[in-house]
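The residues making up each chain are set out below.
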Amino acid sequence: MPRTTAALVNSCLLPAYAGRTPADWILRAADDGLAGVALFGSNLLDPRGTLREDITDRLRAVRPDLLIALDEEGGDVTRLDYLTGSAYPGNHALGAVDDPELTTRVAGAIAADLAAAGVNLCLAPCADVNSRPDNPIIGVRSFGADPDLVARHTAAFVTGLQQHGVAATLKHFPGHGDTRTDSHTALPDVDRDLDQLDALDLPPFAAGIAAGARAVMTGHIRLPRIDPLPATLSGAILSGLLRDRLGFRGTIVTDALDMAPIVEGRGFGGAAVAALAAGSDLVLLGSPDGEKLLPEIHEAVELALRDGRLTEQRLTEAAARVADLRAWAHPRATAPAPDRAVGLAAARRALTAHGTAPAAGPRKVHAVRLGATANLAVGEAPWGLAAPLAALGALAGSTEVEPGTDPDRIPLPADGLLAVAVRDAHRDPWQRDTLRALRTRRPDLIAVEFGLAPDATAAPTLLARGAGLANATAAAEYLAGGSSRPGPAPADRV
């Protein structure tokens, strides 16, 4: 165990740093017992070099057992493929196919990519049951709206990740699927009592724990019927529900502390103390550079230890659980060979067509993309049809449309195959109205929905079931007359 209080605190922290190459301060902190480092899209914007050479090897030269973590969910949320879009479909697509063996293979391929890059902690899968279709933060990140379906795919994903030595993280406990608010900006309330949680939200977490998940991430949500505090800061939820009720013995990781509902009014130091006192073991600080945050947290913890809000026993317990996670996730001598072909194969199986299919044979497609604002978990990873159509040699032209543009000002070709890409149009009145207006001008256009489509779908429509590159490529193949041949899916999976 760490020999000093400073090293003990460090062993419970997962900060980030700015830029591509690890900063000197984070290398020094790693040498002084830091649990690990979290990587975000902002660390991976330079296409030159490799993640392993530029980042993970440099970090492990200082501390071989360091946790190196990132969000790699597949589909919309990717860090490894942040500049191109994910080579794998996300949870919504996998849940629509409903083949747990396929989910295990996709997760195994993701784990192989992560291991090859030197990453040993994956902040996935989302175990949230998306029971509210207009949820602004979960959506296609969930396997679906049925607790049993989400449970079996959560377990399958955990198995796939961890068979290659990459630790899985179930999130966002105790379930973020029934929220109207994005927890990056405000604190969502979930109106559930314990019986409802048992029936709807907890089964996927129980299944993931039974499958051996090494970590669980807290949700920045509030369940007022159980505790007025956010789950991340609630002993009743972390110690009561997660530890006592579900029997989880692994590492509890906070969601990023830089989200407004947690850090506002508390600061990073106060939030870290409250999270550790409630039962969290590993504190994820978020995307801001952590150089100035670490001293604030150290000072806050020292004060809390003196005034009794936090005990050394609780801090030592947290550090021991993180040490167990580091020991389990110690990088293997050889990484398995990645299998990226499974991503496109899975995306093809998830693709769903409504209405008349295009005429058979090779064809060029004009692609229009209606702009949509991605949530902060997704970031600015590219999406749409233009790039995959161009790669297939099937792009006749493309039009990017900024949100709020008058539909009458959008240029459309007079003939030829026209595909209009939208993303969660059911939640965006401008996208919905614009698509309706474009259909009056070109009734034969094919809408390609990259998000959820919970309402009755106007034909012809293609459901990509996610905005990753694999999803887009499967849709582009179909439009261009290639190999993808989707069919209708059961209504409850649309």
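Please refer to the structure placed before this passage.
Parameters at a glance
Residues numbered from 1 in each chain as written. Predicted model: local features only at pLDDT ≥ 70, side-chain atom pairs only at ≥ 80, totals over all residues. Heavy atoms only, no water. Axes fitted to C-alpha atoms, helices over the stretch in contact; angles between N-to-C directions. Helix = DSSP H or I, 4+ residues; strand = E, 2+ residues; numbered from the N terminus. Parallel < 35°, antiparallel > 145°, perpendicular 65-115°, else oblique. Left-handed = near helix turned anticlockwise from the far one by under 90°. Contact = heavy atoms within 4.5 Å. Nonpolar A, V, L, I, M, F, W, Y, C, P; charged D, E, K, R; others polar. Pairing = 2+ DSSP bridges. Polar contact = N/O pair within 3.5 Å; in protein donor to acceptor, adjacent residues only side chain to side chain. Phe/Tyr/Trp six-rings, centres within 6.5 Å; stacked < 30°, edge-to-face > 60°. Buried < 20%, exposed > 50% of the residue type's maximum accessible area, 1.4 Å probe, protein only. Lys, Arg positive; Asp, Glu negative; His and termini not counted. Salt bridge = Lys/Arg side-chain N within 4 Å of Asp/Glu carboxyl O. Expected span 1.5 Å × (residues − 1). Arc of directions from axis to C-beta.

**Q** Where do I start with the packing of helix α6 (residues 147-162) against helix α7 (residues 194-210) in this structure?
**A** The description of two packed helices rests on the angle between their axes and on the distance between the axes. Interaxial distance between α6 and α7 falls to 7 Å at its minimum, and their mutual angle equals 20 degrees. Between α6 and α7, the angle falls in the class roughly parallel. Relative to α7, the crossing made by α6 is right-handed. Where α6 approaches α7, its residues P147, V150, A151, T154, A155 and V158 are matched on the opposing element by A199, L200, P203, P204, A207 and G208. Residue composition of the contact of α6 with α7, by class: 10 nonpolar, two polar and no charged.

**Q** Just checking my understanding: could you explain the sheet that holds strand β15 (residues 446-449) for this structure?
**A** Remark on secondary structure: sheet strands pair via backbone hydrogen bonds, oriented parallel or antiparallel. Spatially, the six strands line up as an open sheet ordered β11-β16-β15-β14-β12-β13, and their pairing is mixed. Strands with a single pairing partner mark the edges of an open sheet, and in this sheet they are β11 (352-354) and β13 (395-401). For this sheet, the mean inter-axis angle between neighbouring strands, taken without regard to orientation, is 20 degrees. Where β11 meets strand β16 (residues 461-463), three bridges bridge the pair, whose relative direction is antiparallel. Pairing of H354 across the sheet is with T461, part of β16.

**Q** Quick question: what am I supposed to make of the environment of D444 here?
**A** Of note, D444 is situated in the loop between α15 (429-441) and β15. When the C-alpha atoms of D444 and P460 are compared, they prove to be 7.5 Å apart, with 16 residues separating the residues in sequence. A polar atom in the side chain of D444 sits 2.8 Å from the side chain of R442.

**Q** Even after reading the chapter, I still don't get the packing of aromatic side chains, so can you show me in this structure?
**A** Remark: the centre distance and the inter-plane angle together describe each pair of aromatic rings, the angle taken between the planes. Counted by the stated rule, this structure contains three aromatic pairs. Here the aromatic rings of F173 and F205 are separated by 5.1 Å at their centres, their planes lie at 90 degrees, and the arrangement is edge-to-face. Of the two residues, F173 is situated in strand β5 (residues 169-173) and F205 in helix α7; the sequence distance between them amounts to 32 residues. Here F173 matches F205 in class, with each residue buried.

**Q** What should I look at first to understand the sheet that holds strand β2 (residues 36-38) in this one?
**A** Strand order in the open sheet formed by three strands is β2-β3-β4, and the pairing between neighbours is parallel. A strand with exactly one partner marks an edge of an open sheet, and here the two such strands are β2 and β4 (121-122).

**Q** What is the right way to read the side chain of D255 from this model?
**A** Assignment of secondary structure puts D255 in the loop between β9 (251-253) and α9 (260-263). The buried charged residue D255 lacks any salt bridge, with K171 as its nearest oppositely charged partner at 6.7 Å. If we skip the residues at most four places from it in the chain, D255 touches H172, M217, T218, H220 and L284.

**Q** What am I meant to see in helix α12 (residues 312-328) here?
**A** The periodicity of an α-helix, 3.6 residues per turn, causes residues three or four positions apart to be oriented the same way. Under the 1.5 Å per step criterion, the end-to-end length of α12 is 24 Å for 17 residues, consistent within 8% with the ideal 24 Å. Taken as a whole, α12 has its buried residues at R314, L315, A318, A319, R321, V322, L325 and R326. Here the buried residues of α12 occupy an arc of 160 degrees about the axis, which is enough to place them on one side. α12 presents E312, Q313, D324 and A327 as exposed residues on the side facing more than 90 degrees away from its buried surface.

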